[in-house]
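# What the coordinates show
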Amino acid sequence: MTGGALTGADPTASQLAGAKQAARAAAFARRRAAHAADTGAGAARLSELLARHRGVPVAGYLPIRTEIDPRPAMAEAAAHGAVSVPVIQAPGTPLRFALWEPDMPLVPGPFGAPIPADPVWSVPEILIVPLVAFTGTGRRLGYGGGYYDRTLQQLRARGPVLAAGFAYGDQRTETLPFDPNDQPLDMVVTDRDILSFP
């Protein structure tokens, strides 16, 4: 791989899927190790970013597995404006976002992520995006469902939206396999720094 793309002839769908699966396996191992040593520094950096955008509708997420936890920053942002969380409607469709507040009633959603019990829909202008791995150029590797790619494509067609990945610094990698449907990030917030991409 070079520059994040597969080398040689145009990759087949199965080659691309295989390359992404291999990258995920390595990234999950790095994320597990980082999660075990988490000090909460990432949430403080995320709060720093969101403080620059008070009142702008934000979509965070409720963490599953070893995802870095954005909830402290989300709770702080909720005191100043609308904060929502993603809800999967159906396979192959963009996400919708339900308004969220700390301590509100939640129910299990698809893939184990909790969602509000009585959703009230919102359209965010800032997306805090979970990920498995990222590069220094804003490429992101997710779980493979394409939900955030479809969602970002839809939101960006409507108007400006800021897509900020949230991850441990150890989730960064030099290259990632990608295809034209993969939506790039505008920035990544980690427990170490805030990276912006042109």
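Our subject is the structure that appears above.
Residues numbered from 1 in each chain as written. Predicted model: local features only at pLDDT ≥ 70, side-chain atom pairs only at ≥ 80, totals over all residues. Heavy atoms only, no water.

## Points about the sheet that holds strand β1 (residues 58-59)
Selection rule: At least two bridges found by DSSP between two strands is the condition for calling them paired. A run of H or I in DSSP counts as a helix once it spans at least four residues, and a run of E counts as a strand once it spans at least two, with each numbered from the N terminus. Residue contacts follow a heavy-atom distance rule, with two residues in contact if any of their heavy atoms lie within 4.5 Å. Helix axes are fitted only over the stretch in contact, all axes being lines through C-alpha atoms; the angle between N-to-C directions runs from 0 to 180 degrees.
The eight strands are arranged β6-β3-β2-β1-β7-β10-β11-β12 in an open sheet whose pairing can be described as mixed. If you trace the sheet from one side to the other, it starts and ends with β6 (121-122) and β12 (194-196), each paired once. Alignment of strand β2 (residues 83-87) against strand β3 (residues 96-99), held across four bridges, turns out to be antiparallel. Among the inter-strand pairings, proline 86 is bridged to a residue of β3, identified as phenylalanine 97. Where helix α4 (residues 147-158) meets the sheet, its contacts fall on β2, β3, β7 (126-129) and β10 (162-166), and the angle it forms with β7 comes to roughly 165°.

## Looking at the packing of helix α2 (residues 41-51) against helix α3 (residues 71-78)
The line we're drawing: When an angle is under 35 degrees it counts as roughly parallel; over 145 it counts as roughly antiparallel; between 65 and 115 it counts as roughly perpendicular; any other value is oblique. The sense of a crossing depends on the near helix, which, turned anticlockwise from the far helix by less than a right angle, makes the crossing left-handed and, turned clockwise, makes it right-handed. Classes in brief: Ala, Val, Leu, Ile, Met, Phe, Trp, Tyr, Cys and Pro nonpolar; Asp, Glu, Lys and Arg charged; the others, Gly included, polar.
For the pair α2 and α3, the least separation of the axes is 8 Å and the interaxial angle reads 30°. Classified by the angle their axes make, α2 and α3 are roughly parallel. Seen from above, α2 lies across α3 with right-handed handedness. Here Ala43, Leu46, Ser47 and Leu50 of α2 lie close against α3, whose contacting residues are Pro72, Ala73, Glu76 and Ala77. Looking at the contact of α2 with α3 residue by residue, the classes come out as six nonpolar, one polar and one charged.

## Details of the pairing of β7
Selection rule: The cut-offs for exposure are 20% and 50% of the maximum accessible area for each residue type, with area from a 1.4 Å probe on protein chains only; residues under the lower value are buried, those over the upper are exposed, and the others partly exposed.
With burial as the criterion, each face of β7 is covered, one bearing Ile126 and Ile128 and the other bearing Leu127 and Val129. Alignment of β1 against β7, held across two bridges, turns out to be parallel. Opposite valine 58, over in β7, you have isoleucine 126 as the bridge partner. In this sheet, β10 lies alongside β7 in parallel orientation, the contact comprising four bridges. The residue of β10 that forms the bridge with isoleucine 128 is alanine 164.

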